[in-house]
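# Fold and geometry: a report
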Amino acid sequence: MDVILLQILNGLDKGSAYALIALGLTLIFGTLGVVNFAHGALFMIGAFCAVTLQKFLSLSHTVIDESQTDFLGNPLKVEKPYIMDWFGPDIGGGIIEWSVPLSILFAIPVMVAVGFAMERGLIKHFYNRPHADQILVTFGLAIVLQEIIKYFFGANPIPTPAPTALSGSIDLGVMIGFEVNEIVYPLWRMVYFAFAAVIIGAVFAFLQFTTFGMVVRAGMADRETVGLLGINIDRRFTIMFGIAAAVAGLAGVMYTPINPPNYHMGMDFLVLSFVVVVVGGMGSLPGAVLAGFLLGILESFASTTWATTTIPGINQVIIYLVAIVVLLTRPRGLMGRKGVMEE
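On a predicted model such as this, the values are computed, not experimentally measured, just so you know. Each chain has its residues counted from 1, running along the sequence as written. This being a predicted model, a pLDDT of at least 70 is required before a residue's local features are given, and a value of 80 or more before pairs of side-chain atoms are given or counted; all residues contribute to the totals for chains, interfaces and linings. As a rule here, side-chain values cover all heavy atoms of the structure and leave hydrogens and water aside.

The next subject is the overall build of the protein. Counting its secondary structure elements, the protein contains 15 helices and four strands. Atoms counted for the radius of gyration: C-alpha only. Globule rule: 2.2 Å times residue count to the power 0.38. At 23 Å, the protein has a C-alpha radius of gyration in line with the 20 Å of a compact globule built from 343 residues. Along the longest, intermediate and shortest principal axes, the C-alpha atoms of the protein span 80 × 55 × 35 Å. Out of the 343 residues belonging to the protein, those deemed buried represent 45%. Two residues form a contact once any of their heavy atoms are found within 4.5 Å. Looking at the protein alone, contacts between residues at least 24 apart form 71% of all its contacts between residues at least 6 apart. Counting every atom, the protein has about 16900 Å² of accessible surface; 66% of that belongs to carbon and sulfur. When the 17 positive and 22 negative side-chain charges of the protein are each reduced to one mean point, those points stand 15 Å apart. Counting from the N terminus, the helices are DSSP H or I runs at least four residues long and the strands are E runs at least two residues long. The buried label goes to any residue with under 20% of its type's maximum accessible area, the exposed label to any with over 50%, and the partly exposed label to all in between, with areas taken from a 1.4 Å probe on protein chains only. Using a 1.4 Å probe, the Shrake-Rupley method yields the accessible areas, and only the shown protein chains count as cover for residues. A residue counts as positive if it is Lys or Arg and as negative if it is Asp or Glu; His and the chain ends are not included. A single reference atom marks each charge: NZ on Lys, CZ on Arg, CG on Asp, CD on Glu.

This is the structure we're talking about:
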């Protein structure tokens, strides 16, 4: 029972990233009809927002520390972050330590701005072009963004630790009530899953219960009719592009303690996230979320020693095998809508 629960937790952890990225992809496709292959780059940029803030908060200058001496008794020169000069060692040190959660506040305006610039500067010119053109231009944009990140931050992963208070592990067995089995799981991964659930719930609540969201959903169903009512649906869709970019960016911010950011992490998640979108059903937001968690759990179970020993390499192909089976039996995906990407 404990092994099964651990694999489910591992699946929910990875499935949270899949679901968040796929949710943003589906928002863009459902509103603008654009197949955005640069969406993984937005996930990467969000992760490097956390890296940037951590580096900024850690800027320091050299001071003489009388409390530390070398072997001759001379006081040592140490690096002291400026933020400790401004707020004191306790508060300043706490701000540096909690830089990843604080990066959420930094990443939101940055990602919305990047989303607006991407949509207004490039993607709007491809609304009425074939999907193949959209894929090529957004894939090219993703490569450009990836190389920019590589130029400024280098090719090596950059460790970005979680706060000490959230970097340990918890015994879920004790919490659930198991008397014998210990189910120890990293605390930050639980935080990431909870964060993903909040973001997903907030997006669905925004679309379901706000006037803005209702108009967007109406525009997704019948764009021309909404436009005839005198509503500037294009402006609302541009805002939704910014929101989708922010969702991908926040997914990247909170994923940095799990997987140290590197310049190709967006591409690593992009292909899998597109598979998630296709399995869930193009244009279906609930389908994207459901497929994200489902495929994350299946991948987790396929990565167990028993599975990889029985069928070597199954953990590398399980998602694609499931996609093939789903599309053979349900060509529109699990919850796909009729007419989406159909002639």
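To continue, consider a nonpolar patch on the surface. Residues Phe-56, Leu-59, Tyr-82, Trp-86, Phe-87 and Ile-91 make up a contiguous nonpolar surface patch of roughly 690 Å² in combined accessible area. The element best represented in the nonpolar patch is helix α3 (residues 82-87), accounting for three residues. With respect to the helices and strands, the residue Leu-59 is situated in the loop between α2 (39-57) and β1 (60-69). Here the term patch refers to residues with relative accessible area over 30% and no salt bridge, with like charges joined within 9 Å and nonpolar side chains (Val, Leu, Ile, Met, Phe, Trp, Tyr) within 5 Å. The salt bridge definition used is simple: a Lys or Arg side-chain nitrogen within 4 Å of an Asp or Glu carboxyl oxygen.

What follows is about the pattern of salt bridges. Per the stated rule, a full pass over the model turns up four salt bridges. Put simply, Arg-189 and Asp-13 hold a salt bridge, and the shortest N to O gap is 2.1 Å. One end of the pair, Arg-189, is in helix α8 (residues 187-209); the other, Asp-13, is in helix α1 (residues 2-32), with 176 residues separating them in the sequence. For Arg-189, a relative accessible area of 26% puts it in the partly exposed group. In this structure Asp-13 comes out as buried when scored by relative accessible area, which is 4%. Across the pair Glu-119 and Arg-120 runs a salt bridge, and its minimum N-O distance is 2.6 Å. Since its relative accessible area comes to 0%, Glu-119 is described here as buried.

Attention now moves to the layout of surface pockets. Of the grid points, spaced at 1 Å and generated over the protein atoms alone, those admitting a 1.4 Å probe that cannot get out make up cavities, while open sets with protein on both sides within 12 Å along at least five of seven lines make up pockets; any residue with an atom within 4 Å of a point is treated as lining. Grid points are joined across faces, edges and corners, and a volume is the space filled by probe spheres set on the points. Estimated volume of the second largest pocket: approximately 250 Å³. Only α8, α9 (211-221) and α13 (285-302) provide two or more residues apiece to the lining of the second largest pocket. For the lining of the second largest pocket, a count of residues per class yields six nonpolar, three polar and two charged. For this scheme, ten residues count as nonpolar: Ala, Val, Leu, Ile, Met, Phe, Trp, Tyr, Cys and Pro. Four count as charged, namely Asp, Glu, Lys and Arg, and the remainder, Gly too, count as polar.

This paragraph deals with α13. In this scheme, a helix's expected span is set at 1.5 Å multiplied by one less than its residue total. A rise of 1.5 Å per residue sets the reference length of α13, with its 18 residues, at 26 Å; its end C-alpha atoms lie 26 Å apart and thus fit the reference within 8%. Among the residues of α13, Leu-285, Gly-287, Ala-288, Val-289, Ala-291, Gly-292, Phe-293, Leu-295, Gly-296, Glu-299, Ser-300 and Ala-302 are the ones counted as buried. Where α13 begins, the capping side chain belongs to Ser-284, and its oxygen is found 3.0 Å from the backbone nitrogen of Gly-287. Polar contact is defined as a pair of N or O atoms within 3.5 Å, subject to the rule that within protein one atom must be able to donate a hydrogen and the other to accept it, and that residues adjacent in sequence are counted only when both atoms are side-chain atoms.

Only Phe, Tyr and Trp rings take part, Trp by its six-membered ring, and two of them pair if their centres are within 6.5 Å. Stacked means planes under 30 degrees apart, edge-to-face means over 60, and tilted covers everything else. Per the counting criterion, the structure on display carries 12 aromatic pairs. With 4.9 Å between their ring centres and 45° between their planes, Phe-43 and Phe-269 make a pair best called tilted. One end of the pair, Phe-43, is in helix α2; the other, Phe-269, is in helix α12 (residues 265-280), and 226 residues separate them in sequence. In this structure, Phe-43 and Phe-269 share a single accessibility class: buried.

In this structure the tally under the stated criterion is one cavity of 30 Å³ or more. In this structure, the largest cavity encloses a volume near 40 Å³. Taken together, the elements giving at least two residues each to the lining of the largest cavity come down to α1 and α12. The leading source of residues in the lining of the largest cavity is α1, at three residues. Residue composition of the lining of the largest cavity, grouped by class: seven nonpolar, two polar and no charged.

Now for the nonpolar core. Leu-20, Phe-43, Met-44, Met-118 and Tyr-192 are the most contacted members of the largest nonpolar core, which has 93 residues in total. The greatest single-element share of this core, amounting to 14 residues, is contributed by helix α11 (residues 233-255). Discounting residues that sit within four places of it in the chain, Leu-20 has contacts with Tyr-192, Ala-196, Ile-199, Ile-200, Val-247 and Ala-251. Among the buried residues, those of types Ala, Val, Leu, Ile, Met, Phe, Trp, Tyr and Cys that are joined through side-chain atoms within 4.5 Å form a nonpolar core. With five residues, the next largest nonpolar core counts Leu-5, Leu-9, Leu-172 and Tyr-185 among its residues.

For the rest of this paragraph, the subject is the side chain of Thr-160. As for its placement among the helices and strands, Thr-160 is situated in the loop between α6 (131-153) and β3 (169-171). Discounting residues that sit within four places of it in the chain, Thr-160 has contacts with Val-51, Gln-54, Val-100, Thr-256, Pro-257 and Pro-261.

A few words on the confidence of the model for the protein. Across the protein, the average pLDDT comes to 85, with 94% of residues at or above 70. What pLDDT reports is the predictor's confidence in each residue, on a scale of 0 through 100. Across the protein, the element-wise mean pLDDT spans from 64 in helix α7 (residues 172-176) up to 93 in α2.

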